[in-house]
Each structure stands twice: as structure tokens, then as C-alpha cells.
Amino acid sequence: MNNFIASLTPSIARFVLVASASFAFNIAYADELKDITKLADQGQTAVALDRINTFIAANPKNAQALFMKGVLLAEQGRRDEAIKSFTEVTERFPNLPEPYNNLAVLYADQGQFDKARKALETAIKTHPSYATAHENLGDIYARMASEAYDKALQLDTANTRAQGKLSLIKDLFGTGNKTTIAAREPVKTASASTTANATTPAPTPAAEVKKAPNPASNNTDNITASINSWAQAWSNKDLNKYFASYADDFKPAKGQNYKAWEKQRRERISAPSKINVELNNIAVVANEGNTAKVRFKQSYQADKRSPIRTSKTLLLKKSGDNWLITEEIASN
């Protein structure tokens, strides 16, 4: 049973890390923040973080920039610094729900479920219609329950009721899925009427959330499942299934032609006796109709060599019921 708990803690399993908050911001700053976001989308997180730090030095009260810094730090795995950054946003702008949500994700990643619960309850208090926080709070309660059932089984291995309840939770979350789903796109709230000095967050109206859901978010689970299937095929050295994850018009990196790329991939996948590929912090950062963009942290280990960790971005397109890879961008 301990293996189940251990598989949840390091991965923020299934928790939603919001990539952008519903802030109103100075239109003069919009292009700079847009450029920084583009760098992050391209996997240049370190460069984006340098740019956002420079921006904050000149605009220390800009809520959007402070929030973005926390996201970039989290994506770099600098969790303690990200927590500090999101905490600063909550102190300056206590009515925003998104920073509390992201704090909860980071606390859950550290196994601090009680802190995560309190952060989510605060997010819901500020915005009762914030569905993401409600979902994450449900996940928190389930993980806290799993720890309690696991403890009960340690004390009484014959406790079939606890065993059954723990099995239900395992079925709900899946012990093999070490991913993070981020279903939200950046929310654009700035308009021509935004005042020049507006750096205060604008709360998302509850009615707007209910009336204008994002239809593309319905694809998020299917997109994530496709990415996990691709990684599993790679780990299993199932070449047919691995290459079936790529679209016919897939463009290999650095201008390499497809046949040369396929030959190289077959050799590299076949050479090791064992491969292990793990994906963490999967984030669907764009999901428009039949195309999507996904970012995640990849850990690749061949045989007993040290793992190679990479930040990766995949572009995908929908083909029938499947999501296929059209471009693969990696950055160490």
C-alpha cells in the first residue's frame, strides 16, 4: 500500500496547476508578457524567468508578472521559490483564487495535504464558482483518506473494509499515472477600457464562468491519455505503437527528414535492454479545435544509467479519435 502513496507525492498527480490568472493589466505591458509566455511555451523557461525578473524589477506591483514568475519557477522544479512567489501574490492580492490553487498543488507535491486543503478552501472562499479548486479539493480529501486507510491496514492487515476503500481510491486515480493535468488556457481580461495604472487582479464573475465554458477543455483527458500512451509505448519498446503516436506530417527537429529520424529512433529504442520513461507536470497549454500544445517534464532512463531529464513541448493534431504528434521540441 505504501507504493500507492509514494506514487502520488512526487508528481502532483492529477492536480491542476493554473498557468495564468484572470488579471487585468496595463495594455502597455501586454506585449512584453506575451513574449515571455511565448518563450516559456517554446521550452525556454530559464530565459523566460530572466525576462520576468527584469520586468518585475521595473514593475514590482504587477500582479500578472508576479503570478507568472511563480508558474515559471514551478516548471523549473524550484518548488520552494515558487511557493514563496505565490504566497507573495496571495498577500498582495488576497481576492484572487488562482495563486491559492497553485500553492495547493505545490504543497500536495510535498505531501503537505493539510496545507493544500487550507489553500484550496481559501480559493473557494474568494470565488465559490472556481471549479478547478473544487476538483482539487476533492483530490486532496481522497489522498488524505488513502493515507488513513493505509495506516489502518498497517495496524490491522485483516481489515477488509479499509482494503476495499483503498482499492476504490486506487482505481479512481490510477497508480501508474504520474502526470499533472493543466486544463486552463490563459484568460484574457484586458480590454481597451483598462486604465493605464491597472495592476490589480480582476475577479472572474461566476456567471461568466458558467455561461462561457471552454469546449476545447473536454479534449484534455484524451490529449493526456495519448501522451501517456506514447510514453508507455516508448518504455515498453513497442515500436509499432510508438511510431503510431506520430502524425504522417510529423516534422523532426533540426530539419531532419522523416526516414532518417525513424531509423535513428528505432536504433536508439532497440539498443538498451530496458527503458523507463516518466512524464511529470503535463500541461495542456493550448487546445483549439483539432490542434493542441502540451508541455511536460520528461525523465528518460536506459538500463542502469542516470536518468536524463528534459523539458519538452509537443504539438498535436486530432485524427479521428486520436491525438497525434506533429512536432516535438526538447530543451534540457
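**Some points on the sheet that holds strand β3 (residues 291-302)**
Then, number 1: Read across the sheet, five strands follow the order β1-β5-β4-β3-β2 without closing on themselves; strand pairing throughout is mixed. Both outer strands of the open sheet, β1 (246-251) and β2 (275-288), are each paired with one neighbouring strand and no more. Direction aside, neighbouring strands of the sheet carry axes that sit 30° apart on average.
Then, number 2: For β3 and strand β4 (residues 308-319), the ladder comprises 10 bridges, and the chain directions are antiparallel. Paired with F296 across the bridge in β4 is K312.

**Some points on the pairing of β4**
Then, number 1: Following β3, the chain reverses through five residues before pairing antiparallel with β4; D303 in that reversal takes a positive phi of roughly 55°.
Then, number 2: Pairing geometry for β4 and strand β5 (residues 322-331), over nine bridges, is antiparallel. Bridge pairing links K312 to A330 in β5.
Then, number 3: Hairpin connection of β4 to β5: two residues between the antiparallel strands, including G320 at a positive phi of 65°.

**Quick word on the side chain of H127**
Then, number 1: For H127, the location among the structural elements is in the loop between α7 (113-126) and α8 (131-155).
Then, number 2: With a relative accessible area of 10%, H127 lands in the buried category.
Then, number 3: For H127, the side chain forms a polar contact with the main-chain oxygen of N95, separated by 3.5 Å.

**A few points about the nonpolar core**
Then, number 1: One finds I52, L72 and F86 to be the most contacted residues of the largest nonpolar core, which totals 40 residues.
Then, number 2: Sort the elements by how many residues they give to this core and helix α4 (residues 63-75) lands first, with nine residues.
Then, number 3: Those residues in contact with L72, other than ones at most four positions away along the chain, are I36, A40, T45, A48, L49 and I52.
Then, number 4: Judged by nonpolar contacts, the second largest core, of 27 residues, contains W234, Y242, L279 and I325.

**A few points about the pattern of salt bridges**
Then, number 1: Following the criterion strictly, the structure yields 11 salt bridges and no others.
Then, number 2: Salt-bridge contacts for R117 lead to D114; the nearest nitrogen and oxygen are separated by 2.6 Å. Separated by three residues within a single helix, R117 and D114 lie in helix α7, roughly one turn from each other.
Then, number 3: Classification of D114 by relative accessible area gives partly exposed; the value is 36%.
Then, number 4: A salt bridge links E328 to K312; the nearest nitrogen and oxygen atoms lie 2.9 Å apart. Of the two residues, E328 is situated in strand β5 and K312 in strand β4; the sequence distance between them amounts to 16 residues.
Then, number 5: By relative accessible area, K312 is classed as buried at 6%.
Then, number 6: Overlapping salt bridges, with partners in common, bring together D114, R117, K118 and E121 in one network.

**Regarding the packing of α4 against helix α6 (residues 98-109)**
Then, number 1: Across the interface, α4 lies against α6 with an axial gap of 11 Å and an inter-helix angle of 15°. Comparing their axes, α6 and α4 come out roughly parallel. The chirality of how α4 crosses α6 is left-handed. Where α4 abuts α6, its residues F67, V71 and A74 lie against E98, P99, N102 and L106.
Then, number 2: Its residues placed into classes, the contact of α4 with α6 shows five nonpolar, one polar and one charged.

**Regarding unusual backbone geometry**
Then, number 1: Unusually for a residue other than glycine, K237 sits at a positive phi of about 60°.
Then, number 2: Although it is not a glycine, N281 sits at a positive phi angle of roughly 55°.
Then, number 3: Structurally, N281 can be placed in strand β2.
Then, number 4: Since its relative accessible area comes to 17%, N281 is described here as buried.

**What to know about the packing of aromatic side chains**
Any pair of aromatic rings gets described here by the distance separating the centres and the angle formed by the planes.
Then, number 1: The full count for this structure, using the stated rule, is 13 aromatic pairs.
Then, number 2: Ring plane angle 55° and centroid distance 5.9 Å describe the contact between W234 and Y242, whose orientation is recorded as tilted.
Then, number 3: A relative accessible area of 5% places W234 in the buried class.
Then, number 4: With relative accessibility at 1%, the residue Y242 sits in the buried group.
Then, number 5: Ring geometry for F250 versus W261: centroids 4.7 Å apart, planes at 50°, classification tilted.

Calculation notes
- Residues numbered from 1 in each chain as written.
- Predicted model: local features only at pLDDT ≥ 70, side-chain atom pairs only at ≥ 80, totals over all residues.
- Heavy atoms only, no water.
- Pairing = 2+ DSSP bridges.
- Helix = DSSP H or I, 4+ residues; strand = E, 2+ residues; numbered from the N terminus.
- Axes fitted to C-alpha atoms, helices over the stretch in contact; angles between N-to-C directions.
- Buried < 20%, exposed > 50% of the residue type's maximum accessible area, 1.4 Å probe, protein only.
- Polar contact = N/O pair within 3.5 Å; in protein donor to acceptor, adjacent residues only side chain to side chain.
- Core = buried A, V, L, I, M, F, W, Y, C linked by side-chain atoms within 4.5 Å.
- Contact = heavy atoms within 4.5 Å.
- Salt bridge = Lys/Arg side-chain N within 4 Å of Asp/Glu carboxyl O.
- Parallel < 35°, antiparallel > 145°, perpendicular 65-115°, else oblique.
- Left-handed = near helix turned anticlockwise from the far one by under 90°.
- Nonpolar A, V, L, I, M, F, W, Y, C, P; charged D, E, K, R; others polar.
- Phe/Tyr/Trp six-rings, centres within 6.5 Å; stacked < 30°, edge-to-face > 60°.

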